[in-house]
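Each chain, written out:
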Amino acid sequence: DQQVKQNSPSLSVQEGRISILNCDYTNSMFDYFLWYKKYPAEGPTFLISISSIKDKNEDGRFTVFLNKSAKHLSLHIVPSQPGDSAVYFCAARDGSSNTGKLIFGQGTTLQVKP
Amino acid sequence: NAGVMQNPRHLVRRRGQEARLRCSPMKGHSHVYWYRQLPEEGLKFMVYLQKENIIDESGMPKERFSAEFPKEGPSILRIQQVVRGDSAAYFCASSPRALTYEQYFGPGTRLTVT
């Protein structure tokens, strides 16, 4: 039962352009959504989060949009840089759980070409 | 302030041997999560511990796997009688308080079972 899905395994973008990574979820009890970035042989690094009561959160070049009615969120990176090349994971926290555990999508590999 | 530390970074075990994975949380953090990432998949929650207590082990296989977080020392994930299907990257995350999505990940231990 995949509660968080990232349907695009990979994305290739030219440097300077916008990267848009998408994520869908099924559980309406999720109360926080997060994006993590992961380089090979390293652990995930927190990028940006959004509460379920908001529809947008921005931090520098990174913006996350949440569409609750569609159970969809997206991460926009503008402008994209070669150093952004990594695997991006969408994750969600179940607000009805008493533990704070995160549920991750399968990841999308972003390649930013110079 | 050192980040989350995991050791060993790489571990090779033959089928039937035991694997012990260690996680030292960030200073001041008393909450530890373990996640497993199988090849080509996202991270999957295994267990959540506070000092000396297992709070949620709903993601951990019932047999051969155990976890502890003693009063002193690192958290340990123990896998007895390893099988090839246990080959994966195991990540530990720590957080400063309960019920928070704020989790900081270690670099992971890559377990290979031959």
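Refer to the structure printed above.
The residue count restarts for each chain, going from 1 along the sequence in the order it is written. Ligands are numbered from 1 and chains lettered from A, in the order in which they are written. Where totals are concerned, whole chains, interfaces and linings use all residues; where local detail is concerned, this predicted model gives features only for residues with pLDDT of at least 70, and gives and counts side-chain atom pairs only at 80 or more. In computing side-chain values, all of the structure's heavy atoms are included and hydrogens and water are not.

Visitor: Help me out: how do you make sense of the interface of chain B and chain A in this one?
Guide: How large an interface is tends to be reported as the accessible area lost when its parts come together. The partner chain A presents 21 residues to the 21 residues of chain B that form the contact. Between chain B and chain A lies a buried interface of about 1,700 Å² when both sides are counted; carbon and sulfur atoms form 59% of it. Together, Leu43, Leu99 and Tyr101 of chain B form the three largest contributors to the area buried by chain B at its contact with chain A, with a combined 38%. Here, a salt bridge means any Lys or Arg side-chain nitrogen found within 4 Å of an Asp or Glu carboxyl oxygen. Taken together, the connections running from chain B to chain A amount to 1 salt bridge. Across the pair Lys101 of chain A and Asp56 of chain B runs a salt bridge whose closest N-O atoms are separated by 3.7 Å. The term polar contact refers here to a pair of N or O atoms within 3.5 Å; inside protein, the definition further demands a hydrogen-donor-capable atom paired with an acceptor-capable atom, and it admits residues adjacent in sequence only when both atoms are side-chain atoms. At the boundary of chain B with chain A, the tally comes to 6 residue pairs in polar contact (both at pLDDT 80 or more). Only β4 (31-37), β5 (43-50) and β6 (53-56) of chain B provide two or more residues apiece to the side of chain B that touches chain A. By definition, residues are in contact when any of their heavy atoms lie within 4.5 Å. Throughout, the accessible surface (probe 1.4 Å) given up by two parts as they are put together, summed over both, is called the buried area. In this text, helices come from DSSP runs of H or I with a minimum length of four residues, and strands from runs of E with a minimum of two, each type numbered from the N-terminal end.

Visitor: Explain the sheet that holds strand β7 (residues 65-68) of chain B here, please?
Guide: As a general point, the strands of a sheet are linked pairwise by backbone hydrogen bonds and lie either parallel or antiparallel. Residue and element names in this part refer to chain B. When DSSP finds two or more bridges between two strands, those strands count as paired. Taken in spatial order, the 4 strands make up an open sheet running β1-β3-β8-β7, and their pairing is antiparallel. At either margin of the open sheet sits one strand with a lone partner, and together these are β1 (5-7) and β7. Pairwise comparison of adjacent strand axes, ignoring direction, gives a mean angle of 15 degrees for this sheet. Pairing geometry for β1 and strand β3 (residues 19-24), over 3 bridges, is antiparallel. The partner of Asn7 across the bridge, within β3, is Arg22. Axis definition: a line fit to C-alpha positions, over the contact stretch in the case of helices; interaxial angles, taken between N-to-C directions, run 0 to 180 degrees.

Visitor: Which parts of the structure should I look at to understand the environment of Phe105 of chain B?
Guide: With respect to the helices and strands, Phe105 of chain B occurs in strand β10 (residues 104-105). Relative accessibility decides the category of a residue: with a 1.4 Å probe and only protein chains considered, values under 20% of the type maximum give buried, values over 50% give exposed, and everything between is partly exposed. With a relative accessible area of 12%, Phe105 of chain B lands in the buried category. In the structure, Phe105 of chain B is positioned 80 residues away from Pro25 of chain B in sequence and 8.9 Å away in space, judged by C-alpha atoms. In this structure, Phe105 of chain B is in contact with Tyr36, Pro44 and Phe104 of chain A together with Val4, Tyr35, Leu43, Phe91, Cys92 and Ala93 of chain B, ignoring residues within four places of it in sequence.

Visitor: Hey, could you run me through the pairing of strand β9 (residues 86-94) of chain A in this one?
Guide: Within a regular strand, side chains alternate between the sheet's two faces. All names here are of chain A. A large share of β9 lies buried, amounting to 8 of its 9 residues. Both strand β4 (residues 30-38) and β9 contribute to a ladder of 8 bridges, which runs antiparallel. Residue Phe30 lies in a different strand from β9, and its bridge partner there is Asp94. Relative to strand β10 (residues 102-104), β9 is paired through 3 bridges, and the arrangement is antiparallel. Bridge pairing in β10 places Ala92 opposite Ile103.

Visitor: What is the right way to look at the nonpolar core in this model?
Guide: Most often, soluble globular proteins have nonpolar side chains that are buried together. We call a set of buried Ala, Val, Leu, Ile, Met, Phe, Trp, Tyr and Cys residues a nonpolar core when their side-chain atoms join them within 4.5 Å. Counting residues in hydrophobic clusters, the biggest one holds 24 residues, and the most contacted among them are Phe33, Trp35, Leu73, Leu75 and Tyr88 of chain A. Of all the secondary-structure elements, those providing two or more residues to this core are β3 (19-25), β4, β5 (45-51), β7 (62-67), β8 (72-77), β9 and β11 (108-113) of chain A. Sorting elements by how many residues they give to this core places β9 of chain A first, with 4 residues. If near-sequence neighbours (up to four positions away) are discounted, Leu75 of chain A is found in contact with Ser19, Ile20, Leu21, Trp35, Leu47, Ile48, Phe62, Thr63 and Tyr88 of chain A. Counting 23 residues, the second-largest nonpolar core is a separate cluster that includes Ala19, Trp34, Phe65 and Ile79 of chain B.

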